[in-house]
Amino acid sequence: RTDVCLRYRPESIATAAIYLTARVLSIRLPSSPPWYHLFGATKMELEEISSIIAELYTRDKAEYIPVSEKDKKINLLFRWREESKTRQKEAAAKKQISKKTNSVSLSKSSHRSKDDSSAKRGEGSRRDRDRDR
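Cut-offs used in this document
The residue count restarts for each chain, going from 1 along the sequence in the order it is written. Where totals are concerned, whole chains, interfaces and linings use all residues; where local detail is concerned, this predicted model gives features only for residues with pLDDT of at least 70, and gives and counts side-chain atom pairs only at 80 or more. Water and hydrogen atoms play no part in the side-chain values, which are based on all heavy atoms of the structure. Secondary structure follows DSSP: runs of H or I at least 4 residues long count as helices, runs of E at least 2 residues long count as strands, and numbering of each begins at the N terminus. A helix is expected to span 1.5 Å for every residue after the first. Relative accessibility under 20% of the residue-type maximum defines a buried residue, over 50% an exposed one, and the middle range a partly exposed one, all with a 1.4 Å probe and only protein chains included. The arc in question is the one spanned by the directions pointing from the helix axis to the C-beta atoms. In this analysis, two residues are considered to be in contact whenever any of their non-hydrogen atoms come within 4.5 Å of each other. Convention adopted: a line fitted to C-alpha atoms gives each axis, helices being fitted over their contacting stretch, and angles between N-to-C directions are expressed from 0 to 180 degrees. For this classification, under 35 degrees means roughly parallel, over 145 means roughly antiparallel, 65 to 115 means roughly perpendicular, and everything else is oblique. What makes a patch is a set of residues exposed beyond 30% relative accessible area and free of salt bridges, joined within 9 Å when like-charged and within 5 Å when nonpolar (Val, Leu, Ile, Met, Phe, Trp, Tyr). Surface accessibility follows the Shrake-Rupley procedure with a 1.4 Å probe radius. Residue values consider only the protein chains on display as shielding. Salt bridge, as applied in this entry: a Lys or Arg side-chain nitrogen positioned within 4 Å of an Asp or Glu carboxyl oxygen. We call a set of buried Ala, Val, Leu, Ile, Met, Phe, Trp, Tyr and Cys residues a nonpolar core when their side-chain atoms join them within 4.5 Å. Two N or O atoms form a polar contact when they lie within 3.5 Å of each other; inside protein one atom must be a possible hydrogen donor and the other a possible acceptor, and for residues adjacent in sequence the pair counts only when both atoms belong to side chains.

J.: A description of helix α3 (residues 43-56) should follow, citing residues and the corresponding values.
T.: Since one α-helical turn is 3.6 residues long, residues separated by three or four positions face the same way. The end-to-end C-alpha distance of α3, which contains 14 residues, comes to 20 Å, matching closely the 20 Å that a straight helix rising 1.5 Å per residue would cover. Glu45, Leu46, Ile49, Ser50, Ile52 and Ile53 are the residues of α3 that are buried. Buried residues in α3, looked at end-on, bunch into an arc of 165°, giving them a common side. Looking at the buried positions of α3, the neighbouring elements they touch are α1 (4-7) and α2 (10-25).

J.: Explain the packing of α2 against α3 residue by residue, including any values.
T.: In contact at an axis separation of 9 Å, α2 and α3 are set at 70° when each is read in the N-to-C sense. The orientation of α2 with respect to α3, classified from their angle, is roughly perpendicular. Touching Ser12, Ile13, Thr15, Ala16, Tyr19 and Leu20 of α2 are Lys43, Glu45, Leu46, Ile49, Ser50 and Ile53, all from α3.

J.: Account for a nonpolar patch on the surface, with residues named and values stated.
T.: A cluster of nonpolar residues, Ile18, Leu38 and Phe39, forms a patch on the protein surface that exposes about 320 Å² of accessible area. Counting through the fold element by element, Phe39 comes out in the loop between α2 and α3.

J.: Go over the nonpolar core, please, and point to the residues and values.
T.: For soluble globular proteins, the rule of thumb is that nonpolar side chains tend to be buried together. Counting residues in hydrophobic clusters, the biggest one holds 11 residues: Val4, Tyr8, Ala16, Tyr19, Trp35, Tyr36, Ala41, Leu46, Ile49, Ile52 and Ile53. At the level of secondary structure, the elements contributing two or more residues to this core comprise α2 and α3. It is α3 that contributes the most residues to this core, four residues altogether.

J.: If you had to explain unusual backbone geometry to someone new, which residues and values would you point to?
T.: Omega for the bond connecting Ser32 with Pro33 falls within 30 degrees of zero, at -5°, which places this linkage in the cis form. Although it is not a glycine, Ser26 adopts a positive phi angle of roughly 55°. Tracing the backbone through its elements, the reader meets Ser26 in the loop between α2 and α3. Take Ser26: its relative accessible area is 66%, and that puts it in the exposed class.

J.: Give a detailed account of α2, specifying residues and quantitative values.
T.: The terminal C-alpha atoms of α2, which comprises 16 residues, lie 23 Å apart, in line with the 22 Å expected from a rise of 1.5 Å per residue. Just beyond α2, the residue with positive phi is Ser26, at close to 55°.

J.: Account for the side chain of Ser50, naming residues and giving values.
T.: Tracing the backbone shows Ser50 in helix α3. In terms of polar contacts, Ser50 uses its side chain to reach the backbone carbonyl oxygen of Leu46, at 2.6 Å. Those residues within four positions of Ser50 in sequence are excluded, and the remaining contacts are Ala16, Tyr19 and Leu20.

Encoded structure:
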C-alpha cells in the first residue's frame, strides 16, 4: 500500500510515527534543538512521511484476491475466523457494559436504601441539621 519503507530510513519512519502520535494526542515536542535531529531526520522528511502515513488511513481497507481454488478456501476460513473474533469482542464489550450498568444501579440503590433508613429514623441530612441550628 505504500513504498515509504523503501524510500526512507527506519529511523525517519519511526520519528514520523512519534510526530504523528504527538499531534493526535496534542503533546508538544521540544523545538530547541529540534527533537527529530536526535534520530537523524529532517523536518521535510517528517512532513513527507507523515503525509504518506496519514493518507493510508483515508484509503479503503485492502482485500486479498485469491488466485486459485485453494486460495479461495483459505481466504474464506480466514475471513470466517476474523468475523468470529469480531463477534466475540463485541459480545465481551456488551457484557462489560452490562456489568458496569448493573454495578452502578446497585450502588445507587444501596445509597437510596441508606438514605431511606436514615430518613425513617428521623436523622435527615447534615445540611438539614445545620440549617435547623
